[in-house]
Amino acid sequence: MATTLGSKLENKTILSAAKVSFTYDPQPGDKSAVEWTFRDLSLQVREAEIVCIVGASGCGKTTLLNVIAGLLKPQSGSITIASAENRGRAIGYIFQQDALLPWRTVRANLALAEELRGGVFKRGSKERLARYMDTFNLKEQILDQFPAQLSGGMRQRVSIIQSLMFDPQLLLLDEPFSALDFYTKLRLESEFCRLVKEQRKAAILVTHDLDEAVAMANRVYIMDLNGNLSHEFEIDLQQNDGSVEAARGTPQFAQYYSAIWSELKSVIAN
Amino acid sequence: MSMLYPLPAIVLLIAWYIFTASDPKRQFVFSSPQKVFDTLVHLLSSGALVRDAATTTFEALAGFILGTTSGALIGLTFWYSRTVAKIAQPYISALASVPIFAIAPMIIVWFGIGVMSKIMLAFLSTVVVAIVQSYQGSMSVEPRILKLMQVLGASRNQVFRIVVVPSSLIWVINAMKLNIGLALLGAFIGEFISSEQGLGYMIVKASGLYDMATVLVGVFTLICIALFLTMIVGKLEAWLLRWKHA
């Protein structure tokens with residue numbers, strides 16, 4: 001099923017995971033009896049690419065993100081993440097619900113990168129913030145508000161900008177749009193796709209929403225119940241403006257959707 | 001609606017007046033609104049009430065600040081080590097289970113009959129609540145935020161300063177609310193057992209003389225002090241947790 005997109009070969013590989021195995025079993029001594037969440041999993045993500053992972057609940061999608069993020073230590077395998085200009089672990093992680101510090105204003109939340117990294121990004125951070133605010137259609141007035149004063153969609157936008165302020169090369173997204181209303185979701189998906197393309201980021205999106213996966217991703221993987229990325233689909237619905245709404249309107253969209261859905265159904269049934 | 005708040009107090013005052021006005025014997029046991037008012041005026045004009053109230057307030061407030069601050073610091077720093085927290089737990093439980101009345105005589109022997117022993121009693125009454133509440137707070141940080149901080153490469157000290165301390169403030173403030181009454185109780189018990197000034201001293205002395213009016217003035221003053229301190233904590237809460245009500 002897996003094929004390679006020739007046109008994307010020139011893009012730099014941002015994430016390279018090779019033969020990664022992980023288990024929650026605390027003492028995986030007897031290899032045959034161990035219940036692996038995933039075993040010998042390999043995955044590559046290139047710049048300007050969105051890779052989407054779909055699968056049944058509990059199959060290990062979020063665990064995979066946590067392993068890539070360094071929150072969980074794999075028992076074997078290697079994970080290499082390219083970082084721009086040696087900026088350390090350049091990863092952004094965006095969750096279903098925002099992880100903003102509720103006692104801080106939006107401005108103070110967005111200054112977290114500078115605070116944690118001792119002013120490494122001070123130069124140009126204001127310009128970057130202004131650019132991201134513009135990209136995600138946020139007005140400057142919200143900077144002095146607390147997260148509780150913002151709508152769910154605005155909070156999620158701020159959350160994405162908070163991660164982007166660290167200038168990550170790789171963005172991990174765990175169902176980030178699932179708690180939003182349909183219209184906000186569409187807008188945010190488009191804004192995010194545009195950003196990944198323009199800023200040459202790489203992103204891994206975990207979602208249960210097949211519609212979202214097909215509209216946003218360059219590649220969709222199905223993770224089976226044994227934690228294998230058993231099916232790979234190359235998606236080519238490239239819209240110049242990054243609009244997921246336009247992508248959904250293309251005739252190929254339904255074809256991709258039904259192909260993935262029929263595989264996903266059989267994977268879940270097995 | 002807010003007009004109705006004083007209504008129960010007014011009803012109680014009228015009932016008390018009617019109950020005691022007709023019978024001087026009842027006034028001996030229950031005093032009367034008029035007598036209490038006269039005693040209040042007298043104690044205010046002589047300066048005795050202000051002196052005793054100031055003493056008790058000072059003792060309670062000093063113990064409260066000392067107990068809540070050190071308790072919060074201890075409780076929050078337990079976040080760094082679950083092992084230390086586990087070892088400390090039985091000791092904290094033991095301290096919490098001892099009635100302050102039981103250790104008051106010993107504290108008075110150690111620190112004398114002056115204000116120091118009352119401050120210590122107020123401190124001991126409040127420190128445990130502050131430790132327990134702030135430790136609970138430090139352990140109740142939203143996991144999502146901790147996860148994010150870890151991904152962003154924050155050090156443990158940064159997580160403590162940027163996340164754990166501010167997110168535990170709600171718990172510390174709850175401890176403060178509980179501790180107002182406990183600090184006053186600690187100071188009062190100390191004065192009750194042995195002292196030369198303070199509302200506890202005033203009440204003990206007056207009850208020995210069956211001077212119910214002075215006892216009641218002392219009780220009402222204590223209530224006023226507690227309400228005043230609660231109001232200050234309320235203001236502090238509104239300011240510290242303004243993000244919650246924004």
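This one's a predicted model, so the numbers in the text were calculated from it and none came from an experiment.

J.: Would you explain the nonpolar core in this entry?
T.: Most often, soluble globular proteins keep nonpolar side chains buried together rather than apart. Ranked by size, the top nonpolar core spans 129 residues in total, and within it L43, F192 and I204 of chain A carry the most contacts. Looking at which element gives the most residues to this core, the answer is helix α9 (residues 156-193) of chain B, with 12 residues. Three or more residues apiece are contributed to this core by two domains, here domain 1 (2-27 + 35-83 + 169-269) and domain 2 (101-167) of chain A. Residues in contact with F192 of chain A, not counting those within four places in the same chain, are I50, F136, I160, L171, L173, F177, A203 and M216 of chain A. Core analysis: the next-biggest nonpolar cluster, separate from the first, contains 16 residues, I100, I107, L121 and F123 of chain B among them.

J.: How do you make sense of the packing of aromatic side chains when you look at a structure like this?
T.: Aromatic rings considered in pairs are described by the distance between their centres and by the relative angle of their planes. All names here are of chain A. Under the defined criterion, the tally for this structure stands at 13 aromatic pairs over all chains. For the ring pair F22 and F38, a centre distance of 6.2 Å and an interplane angle of 35° mean the geometry is tilted. Pair noted here: F22 is in strand β1 (residues 13-22) and F38 is in strand β2 (residues 38-46), with a separation of 16 residues, a long-range link. For F22, a relative accessible area of 4% gives the class buried. Note on F38: relative accessible area 0%, which makes it buried.

J.: In this structure, what is going on with the confidence of the model for chain B? I would like to understand it.
T.: Overall, the prediction assigns chain B a mean pLDDT of 93, with 100% of residues at 70 or greater. For this predicted complex, the interface score ipTM comes out at 0.79, while the overall pTM is 0.82.

J.: Looking at this structure, I do not really get a nonpolar patch on the surface. What am I missing?
T.: Where nonpolar side chains cluster on the molecular surface, the patch consists of F19, F28, V29, F30 and Y210 of chain B and spans about 530 Å² of accessible area. You can see V29 of chain B is positioned in helix α2 (residues 24-30).

J.: Help me understand the pattern of salt bridges, please; the structure alone is not making it clear to me.
T.: A side chain of one charge can pair with a side chain of the opposite charge when the charged atoms of the two come close. All names here are of chain A. Evaluation of the coordinates by the stated rule reveals 19 salt bridges over all chains. Of the charged contacts, one joins D211 and R248 as a salt bridge, the two residues approaching to 2.5 Å between their closest N and O atoms. With D211 in helix α7 (residues 210-216) and R248 in helix α8 (residues 244-249), this residue pair connects regions lying 37 residues apart in the sequence. A residue is classified by how much of its surface remains accessible, and R248, at 15% relative accessible area, is buried. Here the salt bridges share partners, and the residues they tie into one network are K185, E189, D209, D211, E212 and R248.

J.: Would you explain the sheet that holds strand β5 (residues 91-94) of chain A in this entry?
T.: Adjacent strands of a sheet form backbone hydrogen bonds with each other and so pair up, either parallel or antiparallel. Residues and elements named next belong to chain A. Pairing is mixed in the open sheet, where 6 strands are placed in the order β5-β6-β7-β3-β8-β9. This sheet does not close on itself; its edge strands, each paired only once, are β5 and β9 (229-234). Neighbour-to-neighbour, the strand axes of the sheet open up by a mean angle of 15°, direction not taken into account. Note that β5 and strand β6 (residues 170-174) share 4 bridges and pair parallel. Within β6, the position partnered with Y93 by the bridge is L172.

J.: Help me out: how do you make sense of the interface of chain A and chain B in this one?
T.: You'll often see interface size given as the accessible area lost when the parts meet. The interface of chain A with chain B comprises 26 residues on the first partner and 18 residues on the second. A buried area of about 2,100 Å², summed over both sides, lies between chain A and chain B, and 70% of it is on carbon and sulfur atoms. Among the residues chain A hides against chain B, the three largest losses belong to L71, W103 and L116 of chain A. Together they make up 32% of the total. Taken together, the connections running from chain A to chain B amount to 1 salt bridge. A salt bridge links R161 of chain B to E115 of chain A; the shortest N-O distance between them is 3.6 Å. At the boundary of chain A with chain B, the tally comes to 4 residue pairs in polar contact (both at pLDDT 80 or more).

J.: When you look at helix α1 (residues 61-69) of chain A in this model, what are you seeing that I'm missing?
T.: All names here are of chain A. Counting buried residues along α1, 8 of its 9 residues qualify, which places the element largely inside the surrounding structure. All of the buried residues in α1 are K61, T63, L64, L65, N66, V67, I68 and A69. One or two positions beyond α1, positive phi appears at G70, with a value near 85°.

J.: Just checking my understanding: could you explain the pairing of strand β3 (residues 49-55) of chain A for this structure?
T.: Consecutive side chains of a regular strand alternate in pointing toward one face of the sheet and then the other. For β3 of chain A, the tally of buried residues reaches 7 of 7 residues, placing the bulk of the element in the interior. Side chains of β3 of chain A alternate between two faces, with E49, V51, I53 and G55 of chain A and I50, C52 and V54 of chain A buried alike.

Calculation criteria
Residues numbered from 1 in each chain as written. Chains lettered and ligands numbered in written order. Predicted model: local features only at pLDDT ≥ 70, side-chain atom pairs only at ≥ 80, totals over all residues. Heavy atoms only, no water. Core = buried A, V, L, I, M, F, W, Y, C linked by side-chain atoms within 4.5 Å. Buried < 20%, exposed > 50% of the residue type's maximum accessible area, 1.4 Å probe, protein only. Helix = DSSP H or I, 4+ residues; strand = E, 2+ residues; numbered from the N terminus. Domains from an automatic or database assignment. Contact = heavy atoms within 4.5 Å. Phe/Tyr/Trp six-rings, centres within 6.5 Å; stacked < 30°, edge-to-face > 60°. pLDDT = per-residue confidence, 0-100. Patch = residues over 30% accessible without salt bridge, like charges linked within 9 Å, V, L, I, M, F, W, Y side chains within 5 Å. Areas by Shrake-Rupley, 256 points an atom, 1.4 Å probe, with all protein chains shown as cover. Salt bridge = Lys/Arg side-chain N within 4 Å of Asp/Glu carboxyl O. Pairing = 2+ DSSP bridges. Axes fitted to C-alpha atoms, helices over the stretch in contact; angles between N-to-C directions. Buried area = accessible area lost by both parts, 1.4 Å probe. Polar contact = N/O pair within 3.5 Å; in protein donor to acceptor, adjacent residues only side chain to side chain.

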